Amino acid sequence: MTAVLRLENITKRFGSLVANDSVSLSLARGEVLALLGENGAGKTTLMNILFGHYVADEGRVEVEGKPLLPGAPHAAIAAGVGMVHQHFTLADNLTVLDNVVLGTESLWRPWQNRAAARNRLDTMSSEFGLTVDPDARVGDLSVGERQRVEILKALYRDARILIMDEPTAVLTPQETEVLFDTLRRLVERGLSIIFISHKLNEILAISDRVMVLRRGKIVHEMPTSGADRHILAEAMVGHTVTRPKAESMVSGAPVLAMQDVSLRAPTSGVALDHVNLVVHAHEVVGIAGVSGNGQVQLAELISGLCRAESGSMTLFGETIANPTPAKVVKLGVGRIPEDRHAEGVIGEMSIWENMISEDLRALPISRRGLIDHAAARARTEAQIERFDVRCPGPDAETRLLSGGNMQKLILARALSREPGLVLANQPARGLDEGAIAYVHGQLLAARERGAGVLLITEDLEELLALSDRVAVIYQGRLSATLDAKTVTPRQLGLMMAGHDPSEEQTGSGGAAA
Amino acid sequence: MDILEILLTTGFWAATLRIATPLIFGTLGELICERAGVLNLGIEGIMTMGAMAGWMWVYQGGDLWGGLAFAAFIGMLFGLLHSGFTVYLGLSQHVTGIGITLLASSLSYFVFRMLLPDATTPPKIEPFQPYAVPLLSDLPVLGPSVFTQTPMTYLALICVVVIWYGLNRTPVGLAVRMAGEHPLAVEAQGIDVLAVRTGAVMVGSALMSVGGAFLTMSAFDAFYFGMVNGRGWICVALVIFASWRPGKALLGALLFAGIDALQVRVQQVSGAAIPYQFFLMAPYVLSILAMVVMARRAAYPKALLAPFRRGDRA
């Protein structure tokens, strides 16, 4: 096999951080090379150098034996490199066709040949099985369809090398299957693919060869046929990490009960539609679903950020008609919000200010309407110690923490008051293996202590590892809960895509209420 | 004479088009800037500058079309200044824009005084004269109103079509729209986002400047202090009213101008029953109402106000 792409000794620094440290790799024709690594390992930086978004400090890139002009996306495109970014580079307000043809015509030609462009796009759609309506507004497409547009965009430019940056992060298991079929079809036609991911099972399923990147260095390289989960996980993290698993436990009294709760979202139009849900003490209830199906509304309701239009909600046996954040916190709800940067912490404020932000009205933090700095600092220092938040000290700016440490801060704030109900919304999103294991351990410890945990997640592996019972939310409707021990990821995937589970269901249903 | 009768007079329609012309230029100019992702609040000052520059060119002996080109050129320079700060340095578009307005307005008065220190009554030039379009100007009502305007009004109408076509049917227009929606996508296609945005801001500013020049070279024949009188801000509002579409921009400008033309005439017939200030207010009040209705569905360019820096870590 001949190498279509060769990266030699690429080094890239951001200030004192070495994002890529003398990385070399080569890619053969018709090969799927997986690039595996944790967040911050330098995978995306490396690909951005290849595609010309960044200029490497050292090293060179060769495509088909010819050196590639650094820092110039147009040179990369001309050489046949196509990139499907993790965050799509599509304009929502424009049509599929507009998004695809941008940059393929000479900028100063006074007209566009839209008919020819449409024909070409149609041909490619049917040839590669990537059906999508060229006149649809991108904003109206599903995530899977948008990814198809991104792939078409690259193919439209005659890409021979396709870089897929965490392509499955936003897909359901079924959409992932479809994507893998597409990728296999592309490889049959002689394309070469670099597939970036931190999900081991996907890498094992799709790639021919795998390279593991850790702290900017290639630490491991092997054919996928000789790899297994343990080898890859250890290479990626650098030491053995095992995620904790829930052990069976007898559940207690209900801590949260929702009956027939309905609610309309003011802007997005997504609603909660007659939701029934019970969470008991000593129990983790997992809610699966593709994002945007009502999870936000469910979480806001329990956090006290909005109120139901109909139905009733009971916390610890007390009916809550007008929930407010202060009220639910006082009752004993610990909240781990979905987006830790936007809702979890205030990045510009110090760690101690964030740590005490739920205790502003109560002793010992608040004394005669003033903040007792000594008490606040003492508590923060104790929490930093207990939850192992790696930081320079209580006065450090919170935004400077890594994702994992920021999440530990939020866990410390939510869990140290020993809440009876823990609302964990995507608690491990974007974290690396070590931090995920820590977060999972803390959630299970809360369950052990007697809390009920409501876990909202898109990650089925996480869901099944932690939950006692699971339910799927789809277009605001919550399914009956299923036993987490018997339900399969495939069933959940189908339910997440809106299919009726009853046809395939083998587990016991309706254990709620 | 009641309102219906006013609506049937040629004078009303002629006035509407005349009042609309600078708004059409200004709104189109602002629209191009914003489609590329750059808010240009320099518009009020750039219009003042255009009014002064175009007029001065003619007063110093240049011809009218030369004056128009000169005004456009000066507008481009201020556009370049604005994009230097907002596009290349990524500074606040609001603050820079207001700064440009202050600078350009003051500079135009300063230059006017420098060149004509002794003028007491504002000196006059020979402005553009109405041009009756052959055949079409013989139509009833429409003929003497729509088709007997100065060339600059026709130019404004042509600009609407040209800019619609340019934005929606040419590769460079697509690049401009994409730069205002998702600059990284433009960059990822190997097109220089900063150049696209700068170009759009310069063209847009040229149009604003020409809109200002209309005031001194077509509507009137002299340059007064404060003569732009908030028209630039109206254009900023009209862009939102128009949902960033050139066709709707024309509609919005005509609507605003129509109400303005109407209130002057109603004022004359209503006598002293209602204080005249209420009539002066009418166009603004109605444009606020129209905006409330129209702007609800408006799809903002997603990257409006967001500076783009190459190689930033996401």
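Look a little higher up for the structure.
Residues numbered from 1 in each chain as written. Chains lettered and ligands numbered in written order. Predicted model: local features only at pLDDT ≥ 70, side-chain atom pairs only at ≥ 80, totals over all residues. Heavy atoms only, no water.

*Asks:* Explain the overall build of chain A to me, please; I cannot follow it from the model alone.
*Replies:* A tally of regular secondary structure across chain A gives 17 helices and 23 strands. The C-alpha radius of gyration computed for chain A amounts to 25 Å, which stays within 12% of the reference 24 Å derived for 513 residues, consistent with globular compactness. The C-alpha extent of chain A, read off along each of the three principal axes, is 70 × 50 × 50 Å. When each of the 513 residues of chain A is scored for burial, the buried share is 54%. Sequence-distant contacts, at least 24 apart, represent 68% of the contacts inside chain A between residues at least 6 apart. Accessible area for chain A stands at about 22,000 Å²; split by element, carbon and sulfur atoms hold 51% of it. Mean positive and mean negative side-chain charge positions of chain A (52 and 63 charges, respectively) differ by 3 Å. (Helix = DSSP H or I, 4+ residues; strand = E, 2+ residues; numbered from the N terminus. Rg over C-alpha atoms; globule rule 2.2 N^0.38 Å. Buried < 20%, exposed > 50% of the residue type's maximum accessible area, 1.4 Å probe, protein only. Contact = heavy atoms within 4.5 Å. Areas by Shrake-Rupley, 256 points an atom, 1.4 Å probe, with all protein chains shown as cover. Lys, Arg positive; Asp, Glu negative; His and termini not counted. Charge placed at Lys NZ, Arg CZ, Asp CG, Glu CD.)

*Asks:* Help me out: how do you make sense of the overall build of chain B in this one?
*Replies:* The helix and strand inventory of chain B stands at 13 helices and 2 strands. Relative to its length of 314 residues, chain B is compact, with a C-alpha radius of gyration of 20 Å against a globular reference of 20 Å. By its C-alpha atoms, chain B is 65 × 50 × 45 Å across when sized along the principal axes. Residues classed as buried in chain B amount to 54% of the 314 residues present. Taking contacts inside chain B between residues at least 6 apart in sequence as the whole, the part at least 24 apart equals 77%. Split by element, the accessible area of chain B, about 13,700 Å² in all, is 71% carbon and sulfur. Taken as two groups, the 17 positive and 15 negative side-chain charges of chain B have centres that lie 12 Å from each other.

*Asks:* What exactly am I supposed to notice about helix α3 (residues 43-59) of chain B here?
*Replies:* Every α-helix winds through 3.6 residues per turn, so residues three or four apart in the chain are directed the same way. All names here are of chain B. Spanning 17 residues, α3 covers 24 Å between terminal C-alpha atoms, matching the ideal 24 Å at 1.5 Å per step. The element α3 is largely enclosed, with a buried count of 15 among its 17 residues. Phi turns positive one or two residues past the end of α3, at G61, with a value near 110 degrees. (Expected span 1.5 Å × (residues − 1).)

*Asks:* Whenever I open this one, the pattern of salt bridges confuses me. Can you help?
*Replies:* All names here are of chain A. Under the definition given, this model contains 36 salt bridges over all chains. Close ionic contact of D140 with R137 constitutes a salt bridge, the shortest N to O distance being 2.9 Å. Look at D140 and you get exposed, because its relative accessible area is 57%. Judged by its relative accessible area of 33%, R137 falls in the partly exposed class. Of the charged contacts in the structure, one is a salt bridge between E397 and R399, with a shortest N-O distance of 2.9 Å. Here the salt bridges share partners, and the residues they tie into one network are R335, E358, D359, R379 and R417. (Salt bridge = Lys/Arg side-chain N within 4 Å of Asp/Glu carboxyl O.)

*Asks:* Could you clarify how one ought to interpret the sheet that holds strand β2 (residues 17-28) of chain A in this entry?
*Replies:* Two orientations exist for strands paired in a sheet by backbone hydrogen bonds: parallel and antiparallel. Residues and elements named next belong to chain A. Pairing is antiparallel in the open sheet, where 4 strands are placed in the order β2-β1-β4-β5. In the strand order of this sheet, the two ends are held by β2 and β5 (66-67), each with one partner. In the sheet, strand β1 (residues 3-14) pairs with strand β4 (residues 58-63) via 5 bridges, with the strands oriented antiparallel. Bridging from a neighbouring strand, E8 pairs with R60 of β4. Packing against the sheet, helix α1 (residues 43-51) makes contact with β1, β2 and β4, and its axis sits at approximately 115 degrees to β1. (Pairing = 2+ DSSP bridges. Axes fitted to C-alpha atoms, helices over the stretch in contact; angles between N-to-C directions.)

*Asks:* Explanation requested: the state of the cysteines in the structure shown.
*Replies:* Put plainly, two cysteines are in a disulfide when a covalent bond ties their sulfur atoms together. All names here are of chain B. All chains considered together, the criterion is met by 0 disulfides over all chains. Looking at the unpaired C33, the closest cysteine sulfur is the one in C235, lying at 11 Å. The buried category is assigned to C33, whose relative accessible area is 0%. (Disulfide = S-S within 2.5 Å.)

*Asks:* Sorry, what's going on with the side chain of A:K43 here?
*Replies:* Residues and elements named next belong to chain A. As for its placement among the helices and strands, K43 is situated in helix α1. By relative accessible area, K43 is classed as buried at 4%. Of the polar contacts made by the side chain of K43, one reaches the backbone oxygen of G37; its length is 2.6 Å. Only 3.2 Å separates the side chain of K43 from the side chain of E166, close enough to count as a polar contact. In this view, K43 contacts L35, L36, G37, E38, E166, I196, S197, H198 and L213; residues no more than four positions away in its chain are not counted. (Polar contact = N/O pair within 3.5 Å; in protein donor to acceptor, adjacent residues only side chain to side chain.)

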